[in-house]
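Each chain, letter by letter, is given below.
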Amino acid sequence: MPLSFINLLYLVASVLFILGLKGLAHPRTAVRANLIGAVGMLIAVVATLFDRNVLGSGAEAFALIFGAIVVGSLVGTLLAVKIQMTA
């Protein structure tokens, strides 16, 4: 990926982090803010993996990133369902 696109992704991720932190200040917007922050983190991690060519390039890199997202989402969903919010 071109460097300017990677920098744009980092900028978008940082804006999403800031919006997420701002939204966490109010109970009625906290759920949405948490989701916004999570999307920002996803963008930052994927941008870093592509920027540093950690996983190589091409379809193999996309498959590894997609697989990691699926596994992480499954684990996170299972834990969110099993563990109560106040635990």
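It should be emphasised that the depicted structure is a prediction, and the values quoted were computed from it without experimental measurement.

So, how was this worked out
- Residues numbered from 1 in each chain as written.
- Predicted model: local features only at pLDDT ≥ 70, side-chain atom pairs only at ≥ 80, totals over all residues.
- Heavy atoms only, no water.
- Helix = DSSP H or I, 4+ residues; strand = E, 2+ residues; numbered from the N terminus.
- Rg over C-alpha atoms; globule rule 2.2 N^0.38 Å.
- Buried < 20%, exposed > 50% of the residue type's maximum accessible area, 1.4 Å probe, protein only.
- Contact = heavy atoms within 4.5 Å.
- Areas by Shrake-Rupley, 256 points an atom, 1.4 Å probe, with all protein chains shown as cover.
- Expected span 1.5 Å × (residues − 1).
- Arc of directions from axis to C-beta.
- Axes fitted to C-alpha atoms, helices over the stretch in contact; angles between N-to-C directions.
- Parallel < 35°, antiparallel > 145°, perpendicular 65-115°, else oblique.
- Left-handed = near helix turned anticlockwise from the far one by under 90°.
- Nonpolar A, V, L, I, M, F, W, Y, C, P; charged D, E, K, R; others polar.

### What about the overall build of the protein chain?
Counting its regular elements, the protein chain contains 3 helices and 0 strands. Secondary structure elements of the protein chain, listed N to C terminal, follow the sequence α-α-α. The C-alpha radius of gyration computed for the protein chain amounts to 15 Å, which surpasses the reference 12 Å derived for 87 residues by more than 25%, pointing to a less compact arrangement than a globule. By its C-alpha atoms, the protein chain is 40 × 30 × 15 Å across when sized along the principal axes. Looking at the protein chain residue by residue over its 87 residues, the buried ones come to 17%. In the protein chain, of all internal contacts separated by at least 6 residues, the share reaching a separation of at least 24 is 45%. Total accessible area on the protein chain is roughly 6,600 Å²; 74% of this is exposed by carbon and sulfur atoms.

### Description of helix α2 (residues 30-51)
With 22 residues, α2 extends 31 Å between its outermost C-alpha atoms, agreeing within 8% with the 32 Å of an ideal straight helix rising 1.5 Å per residue. Of the surrounding elements, those touching the buried residues of α2 are α1 (3-23) and α3 (59-82). Among the residues trailing α2, Asn-53 stands out with phi positive, at a value near 50°.

### Notes on α1
Turn by turn, an α-helix covers 3.6 residues, leaving residues three or four places apart pointing in a common direction. In this model, α1 (21 residues) spans 30 Å end to end at C-alpha, consistent with the 30 Å of a helix rising 1.5 Å per residue. Buried within α1 are the following residues: Ile-6, Leu-9, Ala-13, Leu-16, Gly-20 and Gly-23. Down the axis of α1, the buried set is contained in an arc of 105°. They therefore lie on one face. Those residues of α1 that are exposed and angled more than 90 degrees off the buried face are Leu-3, Ser-4, Leu-11, Ile-18, Leu-21 and Lys-22. Each element contacted by the buried residues of α1 is listed here: α2.

### Notes on the packing of α1 against α2
The geometry of α1 relative to α2 is characterised by a closest axis approach of 8 Å and an angle of 160° between their N-to-C directions. Classified by the angle their axes make, α1 and α2 are roughly antiparallel. In this structure, α1 crosses over α2, and the sense of that crossing is left-handed. Its residues assigned to classes, the contact of α1 with α2 comprises 18 nonpolar, 5 polar and 1 charged.

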